[in-house]
Protein chains: 2
Amino acid sequence: MLASKTASPEETRERVLFAAREVIARKGKRGATTREIADVAGVNEATLFRHFGSKGALVLAVAERFCGLVELRDVVAQLRGPVDADLMALGRVMLERMESQKDIIRWSFVDPGYDKDLFASTAWRPQLALHGIVVEVIERHVADGTLRGDARRLATLFMGMVFTHVLARDKFPDSDVHAEPDEALGFYVDVFLNGVRSRGRTSS
Amino acid sequence: MLASKTASPEETRERVLFAAREVIARKGKRGATTREIADVAGVNEATLFRHFGSKGALVLAVAERFCGLVELRDVVAQLRGPVDADLMALGRVMLERMESQKDIIRWSFVDPGYDKDLFASTAWRPQLALHGIVVEVIERHVADGTLRGDARRLATLFMGMVFTHVLARDKFPDSDVHAEPDEALGFYVDVFLNGVRSRGRTSS
DNA sequence: CGTTAATGCAAGTACTTACACGCATGCCTC
DNA sequence: GAGGCATGCGTGTAAGTACTTGCATTAACG
């Protein structure tokens, strides 16, 4: 029927996908061997090919399986609050996604469109979508005079803050060890909106 | 004597190093083959091994050759101006270095210290050094009351802004096309110090 | 019970890749 | 002109890797 004692084909497929994701995150799609993926998944190498046909197809399937587009239309519709709240809400979504996908995202960075890499571009697409949303929200606040500047530029900057936050933990020693996500996000929003200059004082 | 009609060994070595850098930037140290490096350098593959012994040694030599530490002690000593000027000066250095090394830096991102990768860590070391400098300068401005907050965190954030700027051009469509470095830097410093909220107004 | 579908297993093919070796060649210096 | 040195060139090897194939096994389903 629906459940069998041994793993169903779909379960096997999922196991392979998760294993592939993990190995690719570590070694990259070039360094990930079908043998290691199969080992991690606990299946035979042949099974892997029976399911996906080729390594390339598997890699692509990984990207599609784990880098699905974000369904934010509903989220963005609700963002009619004050700037701070809007940015916090957006930031939370960004942080969550980037955190859970940073290993894959990293690899989409190393390919500068050299050969148009389907894996890299699929992995990056959600980020582009997010960026679009942020632009949209910021545009509104620029329009009503709350913010000033070019919306695209501001959006990129804000996303960059969150992005840096996610990556910095691995690349800078003891940076933001203490930071719980919301506290950190609050900090970024605060800097973004108000800067870090001490109030009531001016240098030089 | 010193000059010969054919390329001297040192010239050959340099050609190989530059070729290796280029190929590694494109394909990564795993994807870069000794054959392609030799082809790009215009030398025979055997020559490559005669000079460096192994591919691993060549890769490491590339990192050491192109990711030298920054000599900033003198630069930082002069940074006693107003915050804006200090940040601009630092930003210029950062931008310049990151721009010229972004292809290599990207690859140092992809290895999360999984196996301690000498190439990645060597390539990243200058960034750590720069970060340290920025912390130092910001600390001074925090101490004299110009800035507020945790210096390390602020430094990471500021570096992230510049870093994002460098990478964003490749990853976000038509972002900052117009930006000349100094104009962009000025924008970041401005946001960092003053935020982007319209002056004299408050949202909600 | 017999069929079918999904898998494990083992061996094999074709190709790539790091690296070694030997030899010929050309340039430089004595 | 002889000897040394860096290099080009070809060939070879051993390991790795994507992918195939034939066969045995197991479990579900009629």
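Just so it is clear, the model here is predicted, and its values are computed rather than measured. (Residues numbered from 1 in each chain as written. Chains lettered and ligands numbered in written order. Predicted model: local features only at pLDDT ≥ 70, side-chain atom pairs only at ≥ 80, totals over all residues. Heavy atoms only, no water.)

Peer 1: Help me understand the side chain of Gln 101 of chain A, please; the structure alone is not making it clear to me.
Peer 2: Here Gln 101 of chain A lies in helix 6 (residues 83-109). If we ignore the near neighbours within four places in the chain, the residues touching Gln 101 of chain A are Arg 21, Phe 66 and Cys 67 of chain A. (Helix = DSSP H or I, 4+ residues; strand = E, 2+ residues; numbered from the N terminus. Contact = heavy atoms within 4.5 Å.)

Peer 1: Just checking my understanding: could you explain the packing of aromatic side chains for this structure?
Peer 2: Scanning all chains against the criterion turns up 13 aromatic pairs over all chains. Measuring from centroid to centroid gives 5.4 Å for Phe 158 of chain A and Phe 192 of chain A, while their planes differ by 55°, and the two rings are tilted. Within this pair, whereas Phe 158 of chain A is found in helix 8 (residues 151-171), its partner Phe 192 of chain A is found in helix 9 (residues 181-194), the two being separated by 34 residues in sequence. Both residues of the pair, Phe 158 of chain A and Phe 192 of chain A, count as buried. When the ring of Phe 187 of chain B is compared with that of Tyr 188 of chain B, the centres are 5.4 Å apart and the planes differ by 55°; the resulting orientation is tilted. (Phe/Tyr/Trp six-rings, centres within 6.5 Å; stacked < 30°, edge-to-face > 60°. Buried < 20%, exposed > 50% of the residue type's maximum accessible area, 1.4 Å probe, protein only.)

Peer 1: Explanation requested: the relation of the copies chain B and chain A in the structure shown.
Peer 2: Superposing the two chain copies requires a rotation about an axis and a translation along that axis. The operation relating chain B to chain A is a screw motion whose rotation component is 180°, with 0.0 Å of axial translation and a residual RMSD of 0.0 Å. What the superposition gives is, in effect, a two-fold axis relating one chain to the other. No C-alpha of chain B approaches the rotation axis more nearly than that of Gly 195 of chain B, which lies at 2.0 Å. Counting the interface residues of chain B, we find that 100% of their copies in chain A are interface residues as well, pointing to one common contact surface. (Least-squares fit on C-alpha atoms with pLDDT ≥ 70 in both.)

Peer 1: What should I look at first to understand the domain arrangement of chain A in this one?
Peer 2: You'll often see interface size given as the accessible area lost when the parts meet. All names here are of chain A. Domain boundaries in chain A define domain 1 (9-64) and domain 2 (67-194). Of note, the centres of domain 1 and domain 2, computed from C-alpha atoms alone, are 29 Å apart. Between domain 1 and domain 2, the contact holds 12 residues from the first and 11 residues from the second. Where the side of domain 1 that touches domain 2 is concerned, the elements lending two or more residues are helix 1 (9-31) and helix 4 (55-66). Classifying every residue of the side of domain 1 that touches domain 2 gives six nonpolar, one polar and five charged. (Domains from an automatic or database assignment. Nonpolar A, V, L, I, M, F, W, Y, C, P; charged D, E, K, R; others polar.)

Peer 1: Explain the interface of chain B and chain A to me, please; I cannot follow it from the model alone.
Peer 2: Of the residues lining the interface, 60 residues belong to chain B; the matching set on chain A comes to 60 residues. Buried area between chain B and chain A, summed over both chains or domains, comes out near 5,700 Å², and the portion from carbon and sulfur atoms is 59%. Of all residues in chain B, the largest losses of buried area upon contact with chain A belong to Arg 148, Arg 153 and Lys 171 of chain B, amounting jointly to 14% of the total for that side. At the boundary of chain B and chain A, one finds six salt bridges. (Buried area = accessible area lost by both parts, 1.4 Å probe. Salt bridge = Lys/Arg side-chain N within 4 Å of Asp/Glu carboxyl O.)

Peer 1: Looking at this structure, how should I read the environment of Thr 34 of chain B?
Peer 2: Along the polypeptide, Thr 34 of chain B turns up in helix 2 (residues 34-41). Remark: the alpha-carbon pair of Thr 34 of chain B and Ser 54 of chain B, spanning 20 residues in sequence, is separated by 9.3 Å.

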